[in-house]
Amino acid sequence: MTVTRPRILSGLGRPQRFAPRPIVLLALVSCLYGLAQLLLVSPRLGLGWDEAVYASQFSSHAPPAVFSAPRAQGVPLLVAPVVALTDSVLVLRLYLTVVSSLALFGAFSVWLRIRPGRLVPVAALLYGSSWLSLFYGNQAMPNGYTALAAVAAVGFLLLGERSRLAPVGLAGSLAVMSLMRPSDALVAAVPLVVTALVGLRGRRIVTLSAIAVGLAVGWGQWAIEAQLRFGGFVTRLKDAGEHNSTGWNVSIVEHARALDGPTLCRFGAECGAVSPVALTWWLAIPVMTALGLWSAGRRRHLFPIALAAVTGLAMALPYLFYVDYAAPRFLMPAYALLSLPIAEAVVTGVRLRRPVAAVVIVGLVAHVALQGAYAFRMAVVSHRDREAIDAAVQELRRMGVRPPCMIYGQSGVQIGYHLRCHSHGIIQRFASRPPLRIQQALERKEQVVIVYKNRRLPSYVMTWREADLPGPWKARFPG
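What counts and how
Residues numbered from 1 in each chain as written. Predicted model: local features only at pLDDT ≥ 70, side-chain atom pairs only at ≥ 80, totals over all residues. Heavy atoms only, no water. Core = buried A, V, L, I, M, F, W, Y, C linked by side-chain atoms within 4.5 Å. Buried < 20%, exposed > 50% of the residue type's maximum accessible area, 1.4 Å probe, protein only. Helix = DSSP H or I, 4+ residues; strand = E, 2+ residues; numbered from the N terminus. Contact = heavy atoms within 4.5 Å. Axes fitted to C-alpha atoms, helices over the stretch in contact; angles between N-to-C directions. Parallel < 35°, antiparallel > 145°, perpendicular 65-115°, else oblique. Left-handed = near helix turned anticlockwise from the far one by under 90°. Nonpolar A, V, L, I, M, F, W, Y, C, P; charged D, E, K, R; others polar. Pairing = 2+ DSSP bridges. 1 Å grid on protein atoms, 1.4 Å probe; cavity = no way out; pocket = protein on both sides within 12 Å on 5 of 7 lines; lining within 4 Å. Points joined across faces, edges and corners; volume = space filled by probe spheres on them. Expected span 1.5 Å × (residues − 1).

Colleague: Give me the nonpolar core: which residues, what numbers.
Modeller: One finds Phe108, Trp111, Tyr127, Met177 and Tyr335 to be the most contacted residues of the largest nonpolar core, which totals 111 residues. Broken down by element, the residue count for this core peaks at 12 residues, all from helix α15 (residues 332-350). For Phe108, the residues in contact, after removing those within four places along its chain, are Leu26, Val120, Ala123, Ala124, Tyr127, Leu148, Val151, Ala336, Ser339 and Leu340. The next biggest cluster of nonpolar side chains, apart from the first, holds 17 residues, and it includes Leu419, Val451, Ala467 and Trp473.

Colleague: Tell me what's going on with the packing of helix α3 (residues 74-83) against helix α4 (residues 89-109), and back it up with residues and numbers.
Modeller: Contact geometry for α3 and α4: axes closest at 10 Å, N-to-C directions at 130°. In terms of their interaxial angle, α3 and α4 are classed as oblique. When the axes of α3 and α4 are compared, the crossing they make is right-handed. In this structure, α3 uses Leu78, Val79, Pro81, Val82 and Val83 to contact α4, whose residues at the interface are Val91, Leu92, Tyr95, Leu96 and Val99. Split by residue class, the contact of α3 with α4 holds 10 nonpolar, no polar and no charged.

Colleague: Which residues make up the pairing of strand β6 (residues 465-468), and what are the values?
Modeller: As defined by bridge partners, β6 adjoins strand β7 (residues 474-477) across four bridges and the pair is classed as antiparallel. Counterpart to Asp468 in the pairing with β7 is Lys474. Following β6, the chain reverses through five residues before pairing antiparallel with β7; Gly471 in that reversal takes a positive phi of roughly 70°.

Colleague: Before we move on, can you summarise the sheet that holds β7 with the specific residues and values?
Modeller: Spatially, β4-β3-β5-β7-β6 is the arrangement adopted by the five strands of the open sheet, whose pairing is mixed. Looking along the sheet, the strands with just one partner apiece sit at the ends: β4 (422-426) and β6. Here the strands of the sheet are splayed against their neighbours by 20° on average, with no regard to which way each runs. Relative to the sheet, helix α17 (residues 412-419) contacts β3 (405-410), β4 and β5 (447-452), its axis offset from that of β3 by approximately 155°.

Colleague: Tell me what's going on with the layout of surface pockets, and back it up with residues and numbers.
Modeller: Which parts of space are left empty comes out when a probe the size of a water molecule is rolled across the atoms. Size it by volume and the second largest pocket reaches roughly 490 Å³. Elements with a minimum of two residues in the lining of the second largest pocket: α5 (119-128), α13 (276-298), α15 and α16 (354-398). In the lining of the second largest pocket, the residues fall into 15 nonpolar, five polar and no charged.

Colleague: Which residues make up helix α9 (residues 182-198), and what are the values?
Modeller: Taking 1.5 Å of rise per residue, 17 residues should cover 24 Å, and α9 covers 25 Å from first to last C-alpha, within 8% of that figure. Among all positions of α9, only Pro182, Asp184, Ala185, Ala188, Ala189, Pro191, Leu192, Thr195 and Ala196 are buried. Among the structural elements, α7 (143-158), α8 (166-180), α10 (204-229), α14 (302-321) and α15 are those in contact with the buried residues of α9.

Colleague: Please provide a residue-by-residue account of the packing of α14 against α15, values included.
Modeller: Remark: α14 packs on α15, axes separated minimally by 8 Å, with the N-to-C direction vectors making an angle of 150°. Between α14 and α15, the crossing angle belongs to the class labelled roughly antiparallel. As for the relative orientation of α14 and α15, their crossing is left-handed in sense. Note on element contacts: α15 touches α14 through Pro333, Ala334, Leu337, Leu338, Leu340, Pro341 and Glu344, opposite Ile305, Ala308, Ala309, Thr311, Gly312, Met315 and Ala316.

Colleague: Before we move on, can you summarise the environment of Ala84 with the specific residues and values?
Modeller: By secondary structure assignment, the location of Ala84 is in the loop between α3 and α4. A C-alpha to C-alpha distance of 9.1 Å links Ala84 and Ala55, two positions 29 residues apart in sequence. Here Ala84 is in contact with Phe58 and Ser60, once residues within four sequence places are set aside.

Function cannot be read off these values alone, since they describe shape.
Below, the structure written as structure tokens:
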């Protein structure tokens, strides 16, 4: 008599003696995601402009920087527990590394009840290894959390008829999304509402109420702030549209040029040509998504994967056809949601014959290697630029710049934050006349410092005393 021992299938469909549970694999992916941030990007990366604006809102050591109309309070609230206690960038980065890793685990774990098996850990790996997710993971920026909240929101909606707590999770996910990026939350809500009206048989009212509550949290805060600080809701909407150059636009080419960096194709930034390698990676996304949908249809679980794909596409459309510039991070929610159908294609492909499985595995390894290289390169460039800013800050501090003070110029927001000064940053050029905030600072006898490196100075500061700072930076002080 012959006894045959049962063989357990691994996540990629090959016979193995040991196959970890999907939740264990997801936890492993989340831990590796945090570790990759620390190794590839570094927790000592200085603050960017947007980060300094967000961090300053609840900072205990620096006055709040100018908060423009399109911004939302999600990130300031996220970093408030740290910046209220310390100005250490290292502590902030480590905190955000932990939070983003937990967010990755939490968002994708919702899907383990919808698609049990190895698809969910593979999807988390695909998204977590993208250069955008790695580069922005421990930065105080909203897009990564918007992306993961969208993944969780779609999952909770699909669980609405199976779990009494799913509507709470749905409301919470949309609340996070609307606090981070209110407009993204509104777009994501459209396919969710349609699905609730058409696809759900029970608990429809509860689900729709959860969506409404989630949107109300972020949009309600944004509307109240609009009334208090921006002259009303309509005025703020108009200002936000002008700031983001919204209207009918086609920015697909700009996004294609920015696939491997820089982080922003705007304000005269040199975006370079389209990289053939990066373009190949980008074009593989719709192909793999289609294969994943086809595979899900054959296995009779098309609906969840299709909803993720439709929601991801919906969240990409405004940035491809409504905003006239490109920032690769805008598409992070789409990449996160499309990772689910792509993972379906990957898992199915590896279960096929060896030649097909080998191609899929090579493609997966190539994705991880390519995106990791992009993340490392972006970190090196950013680290060099922000180190120069930090050196300029140290020299200004040595020269006696102390509150009350006003920093005006390039990277003025970051420099002002570190020096505990008010700030007025510029991107393209100095104003031909002193801005009102600069005039008021001079009238109050505050110490005003002009900082710049490669911009033409306005005539009203030509008589100010010039001082050299480390690297390309210079400063000017009133006589």
